[in-house]
Amino acid sequence: MGGSKNTKLVIDGKRVDGRTTDELRDIKIVTGVIPAADGSAFIEWGGNKILCGVYGPRECIPRHGASPYKATLKCRYMMSPFSSLEEHGRSGPSRRSTELSKVIREAFENVIILERFPNAQIEIYLDVLQADGGTRTASLTAATVALANAGIPMRDMVAAVAVGKADDILVLDLDKGEDNLGQSDMPVAMSMRDKKLLLIQMDGLLTREEIAEMLDMVENGCNKINTIQVDALRKHYENNGEDNFTW
Ligand code: ADP
């Protein structure tokens, strides 16, 4: 944060990777990639590669964790030891992965119709194979597709993207360089029909006006992301739901 004086992240409205300020990185999603799972999705979002597997609804184990009123949602976000140069081969849970698992679970607790499956559990597993900034939002986006592929009833679809500020300019979908060197970062997840905010986190300093403008940028971005999510599902079912790992 703070941005080093000699690192320019935005020059003449173009970012380091050539994007305009409100342009998303390339996003590809395929679903049905793990036949043994009830639902799955693989997302490539810029330099991020994330695999999501969904299991359930199935019996809640351990039983004492079960609720007679609704399904228990479990979410485990994990980075592979080789997902980024920073990780140095460290594996297993960390404070960060625990936090991300929690915020992703809480976002989905608001859209999955958990009351329909008392005593059951639904599990969402997210493995980040390669990380390049924005893995929590890419994870939320992929998990939505995997949940739909598993046939889990949801009130709405979820799309997510981060927006931030670099060189005093608002930019959508920060990559890792922008995240590390920019002034502010605000990941947001949104329900697509009623445009409610399911997750919003932020660091850095922002004015109210900036936040309002950033939320508009997020909404436009999420509309585009949702088209890609729906296309992935459509493509899968047009192939009669056969497992298919071609873009
Ligand atoms: P997000 O991935 O949602 O942007 P952060 O803001 O915590 O989450 O991290 C930004 C980026 O920094 C990540 O996407 C990843 O590329 C890198 N990163 C952060 N923490 C770690 C870590 N513990 N190990 C490896 N890479 C990390």
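The structure this text deals with has already been given above.
Residues numbered from 1 in each chain as written. Predicted model: local features only at pLDDT ≥ 70, side-chain atom pairs only at ≥ 80, totals over all residues. Heavy atoms only, no water.

### Focus on the nonpolar core
Thought 1: Ranked by size, the top nonpolar core spans 61 residues in total, and within it Val 54, Phe 108, Ile 112, Ile 122, Ile 124, Leu 126 and Leu 147 carry the most contacts.
Thought 2: Every residue in contact with Leu 126, bar those within four places of it in the chain, is listed here: Ile 50, Leu 51, Cys 52, Cys 75, Arg 76, Tyr 77, Met 78, Ile 104, Ser 139 and Ala 143.
Thought 3: With six residues, the next largest nonpolar core counts Val 10, Ala 162, Ala 166 and Val 171 among its residues. (Core = buried A, V, L, I, M, F, W, Y, C linked by side-chain atoms within 4.5 Å. Buried < 20%, exposed > 50% of the residue type's maximum accessible area, 1.4 Å probe, protein only. Contact = heavy atoms within 4.5 Å.)

### Looking at the side chain of Thr 144
Thought 1: Topologically, Thr 144 is positioned in helix α2 (residues 135-149).
Thought 2: The exposure class assigned to Thr 144 is buried, which follows from its relative accessible area of 0%.
Thought 3: Aside from chain neighbours lying at most four places away, what touches Thr 144 is Phe 108, Met 154, Met 157, Val 158 and Gln 229. (Helix = DSSP H or I, 4+ residues; strand = E, 2+ residues; numbered from the N terminus.)

### Regarding the environment of Cys 222
Thought 1: Within the secondary structure, Cys 222 sits in helix α4 (residues 208-238).
Thought 2: Here Cys 222 falls in the buried class, since its relative accessible area comes to 0%.
Thought 3: Residues in contact with Cys 222, not counting those within four places in the same chain, are Ala 159, Ala 160, Val 161, Met 190 and Met 192.

### As for the packing of helix α1 (residues 95-109) against α2
Thought 1: It is the contact of α1 with α2, at a shortest axis distance of 11 Å, that shows an interaxial angle of 45°. Our classification of the angle between α1 and α2 gives oblique. The handedness of the crossing between α1 and α2 is right-handed. Here Arg 96, Glu 99, Leu 100, Ile 104, Ala 107 and Phe 108 of α1 come into contact with α2, specifically with Thr 135, Arg 136, Ser 139, Leu 140, Ala 143, Thr 144 and Leu 147. (Axes fitted to C-alpha atoms, helices over the stretch in contact; angles between N-to-C directions. Parallel < 35°, antiparallel > 145°, perpendicular 65-115°, else oblique. Left-handed = near helix turned anticlockwise from the far one by under 90°.)

### Comments concerning the sheet that holds strand β3 (residues 27-31)
Thought 1: The strand order across the open sheet built from five strands is β3-β4-β5-β7-β6, with neighbouring strands paired in mixed fashion. Each edge of the sheet is formed by a strand with only one pairing partner; in this case those strands are β3 and β6 (72-79). Averaged over all pairs of adjacent strands, the angle between strand axes in this sheet comes to 15°, irrespective of strand direction.
Thought 2: Taken together, the seven bridges between strand β4 (residues 39-45) and strand β5 (residues 48-59) define a ladder with antiparallel strand orientation. Its bridge partner being in β5, Ile 43 is matched across the sheet by Ile 50.
Thought 3: The sheet contacts of α1 involve β6 and β7 (120-130), and relative to β6 the element is tilted by about 140°. (Pairing = 2+ DSSP bridges.)

### Here's the deal with the pattern of salt bridges
Thought 1: For the coordinates displayed, the defined rule picks out 18 salt bridges.
Thought 2: Ionic pairing is found between Glu 123 and Arg 58, a salt bridge with its closest N-O pair at 2.9 Å. Residue Glu 123 is located in strand β7, and its partner Arg 58 is located in strand β5; the two are separated by 65 residues in the primary sequence.
Thought 3: By relative accessible area, Arg 58 is classed as partly exposed at 40%.
Thought 4: Members of the salt-bridge network, linked through shared partners, are Arg 15, Asp 17, Arg 19, Arg 25, Asp 132, Asp 173 and Glu 178. (Salt bridge = Lys/Arg side-chain N within 4 Å of Asp/Glu carboxyl O.)

### Focus: the sheet that holds strand β10 (residues 184-191)
Thought 1: Strand order in this open sheet of four strands is β9-β8-β10-β11, and the pairing throughout is antiparallel. For this open sheet the edge positions go to β9 (169-172) and β11 (197-200), each flanked by a neighbour on one side alone. Recorded for the sheet is a direction-independent mean angle of 20° between the axes of neighbouring strands.
Thought 2: By the bridge criterion, eight bridges tie strand β8 (residues 158-166) to β10 in an arrangement that is antiparallel. Across the sheet, Ala 160 pairs through a bridge with Ala 189, a residue of β10.
Thought 3: Sheet strands in contact with α2 are β8, β10 and β11, and its direction is about 165° off that of β8.
Thought 4: Running at roughly 140° to β8, α4 makes contact with β8, β9, β10 and β11 of the sheet.

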